[in-house]
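# Architecture and fold: a report
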Amino acid sequence: MGYPGREEYDSVMVRDGITGHAPVEKVEISRIIRASEGRKRVYYAAFLATLAIFFSIAESVIPKPLPWMRLGLANAITLYAFCVLRPREVLLVVISRTVAASLLLGTFLSMGFILSLTGALSSFSVMLLMYRSLRRWVSPVGISVAGAVTSNTAQLALVNALFVGSRLSLYLLPFLFLFALVGGIVSGFLGRFLTENL
Amino acid sequence: MKKLKIGDYIVIGVVAALVLMLFSRSFSFNGAEKYFEVTGIDFREEYALHEDRVIEVEGPLGLTRVVIEDGRAWVEDSPCRDKVCVRMGKVSRPGEEAICLPNRVIVQMKGTRGGVDGVSR
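Residues numbered from 1 in each chain as written. Chains lettered and ligands numbered in written order. Predicted model: local features only at pLDDT ≥ 70, side-chain atom pairs only at ≥ 80, totals over all residues. Heavy atoms only, no water.

What follows covers the nonpolar core. With 47 residues, the main nonpolar core has Leu48(A) and Leu85(A) as its most contacted residues. Of the residues forming this core, the biggest block, nine residues, is contributed by helix H4 (residues 74-84) of chain A. Residues in contact with Leu48(A), not counting those within four places in the same chain, are Ile77(A), Tyr80(A), Ala81(A), Val84(A), Leu85(A), Val93(A) and Leu198(A). In this structure, Tyr47(B), Ile68(B), Cys85(B) and Val105(B) belong to the second largest nonpolar core, which totals 18 residues. (Core = buried A, V, L, I, M, F, W, Y, C linked by side-chain atoms within 4.5 Å. Buried < 20%, exposed > 50% of the residue type's maximum accessible area, 1.4 Å probe, protein only. Helix = DSSP H or I, 4+ residues; strand = E, 2+ residues; numbered from the N terminus. Contact = heavy atoms within 4.5 Å.)

Okay, structure coming up:
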């Protein structure tokens, strides 16, 4: 029914041999992983961060009509991470992939990096809130769209705050929202594909 | 692949509505409320963008001739010494102006200063 909760994923992880435990009862499993498998969760976080970095780099290769246009495929990893990791570990994944991708692309500490970190952190917060409170009604697709819109809005707000008096936002906002909608839906479906198959 | 949930439709619908609203808003801003304003010493008049005409403005030195044509306005001739106003060229975008200081004449395009000058990659 809909989109399985954390417990079901934890049992998937168990079966896949990530934790080494035999699948026990659903309710028990998440507790087992949370209590005793800290190191493996860290490894898993690192694995997800690596995947997200791959998506970030791969995406930067695609030619874009406008520089702000991004599909946000790395966001799909964040979506998946919400299902298998604790929020603070997801945050670790988000931050490390942003920093590592910018190091690889050579934009570390540049304006673009600050913007992407802003976007990543703001969309993380919104997606976390939505995942925790509205999971029953919203699938990863909706969460992803909301996250993408938040990310774009936050970045534009930062640009407006830094470059005071620019009236750019009025003209840019509809395009940004359109990109966010498309990219959010694409990465949302990718995220859901991952949650169902990884 | 499981079906989308109701929340997805709500989120997508809200965002799509926002996109449409913002698009219509930012495009209705374009093209509207632009006009030329010609100011002299005892003279101030507004002119429509696309009505070609020649305006003669009386100043301390004499008559300054302003021409509006094809949505552009410029100082054709002025009795001043340096002719800076003539060389300021044609006013074609909001915020641009051609000014004759000696004869106290200002030709300006008023309106929302909009759009993007350029995109750097």
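That covers the picture; the talk isn't over yet.
A few words now on the packing of aromatic side chains. Given two aromatic rings, one states the distance between the centres and the angle between the planes to describe the pair. This model, assessed by the stated rule, comprises seven aromatic pairs over all chains. An angle of 10° between the planes, with centres 5.8 Å apart, marks the rings of Phe82(A) and Phe124(A) as stacked. Here Phe124(A) lies in helix H6 (residues 111-134) and Phe82(A) lies in helix H4, a separation of 42 residues in the sequence. Of the residues examined, Phe124(A) reaches a relative accessible area of 8% and is grouped as buried. Taken together through their ring pairs, the aromatic side chains of Tyr44(A), Phe47(A) and Tyr80(A) make up a single cluster. Here the guanidinium or amino end of Lys90(B) rests over the ring plane of Trp74(B), the centre of that ring lying 4.2 Å away. (Phe/Tyr/Trp six-rings, centres within 6.5 Å; stacked < 30°, edge-to-face > 60°. Lys NZ or Arg CZ within 6 Å of the ring centre and 35° of its normal.)

Inspection of the secondary structure assignment puts Asn75(A) in helix H4. Setting aside residues up to four positions removed in sequence, Asn75(A) forms contacts with Arg97(A), Ser123(A), Met127(A), Ser144(A), Ala148(A) and Ser187(A).

The next subject is the sheet that holds strand E1 (residues 35-39) of chain B. All names here are of chain B. Taken together, the four strands give an open sheet; going across it, the order is E2-E1-E7-E6, and neighbouring strands pair in antiparallel fashion. With one partner strand each, in any of the chains shown, strand E2 (44-47) and strand E6 (97-100) form the two edges of the open sheet. Along the sheet, successive strands turn relative to each other by an average axial angle of 15°, direction set aside. Where E1 lies against E2, four bridges are found, and the strand directions are antiparallel. Bridge pairing links Phe36 to Tyr47 in E2. (Pairing = 2+ DSSP bridges. Axes fitted to C-alpha atoms, helices over the stretch in contact; angles between N-to-C directions.)

Now for the pattern of salt bridges. If you walk through the whole model with that rule in mind, you get seven salt bridges over all chains. A salt bridge links Glu89(A) to Arg86(A); the shortest N-O distance between them is 3.6 Å. Among the salt bridges present, the one from Arg81(B) reaches Asp82(B), with a minimum N-O distance of 3.3 Å. Its relative accessible area of 41% is what places Asp82(B) among the partly exposed residues. Within this structure, Arg41(A), Arg86(A) and Glu89(A) form a network of salt bridges that share partners. (Salt bridge = Lys/Arg side-chain N within 4 Å of Asp/Glu carboxyl O.)

Residues and elements named next belong to chain B. Taking burial as the measure, the five residues of E1 include four buried ones, the bulk of the element. Alignment of E1 against strand E7 (residues 105-110), held across five bridges, turns out to be antiparallel. Residue Phe36 lies in a different strand from E7, and its bridge partner there is Met109. Counting the residues in the hairpin turn of E1 and E2 gives four residues.

All names here are of chain B. Residue position: Asn103 is located in the loop between E6 and E7. Given the relative accessible area of 0%, Asn103 is considered buried. At 2.8 Å, the side chain of Asn103 forms a polar contact with the backbone nitrogen of Leu61. Non-local contacts of Asn103, meaning those with residues more than four positions away in its chain, are made with Val57, Gly59, Pro60, Leu61, Gly62, Leu63, Thr64, Ser78 and Pro79. (Polar contact = N/O pair within 3.5 Å; in protein donor to acceptor, adjacent residues only side chain to side chain.)

A separate point is unusual backbone geometry. The phi dihedral of Leu109(A) is positive, around 65°, even though this residue is not glycine. Along the chain, the position of Leu109(A) falls in the loop between helix H5 (87-105) and H6.

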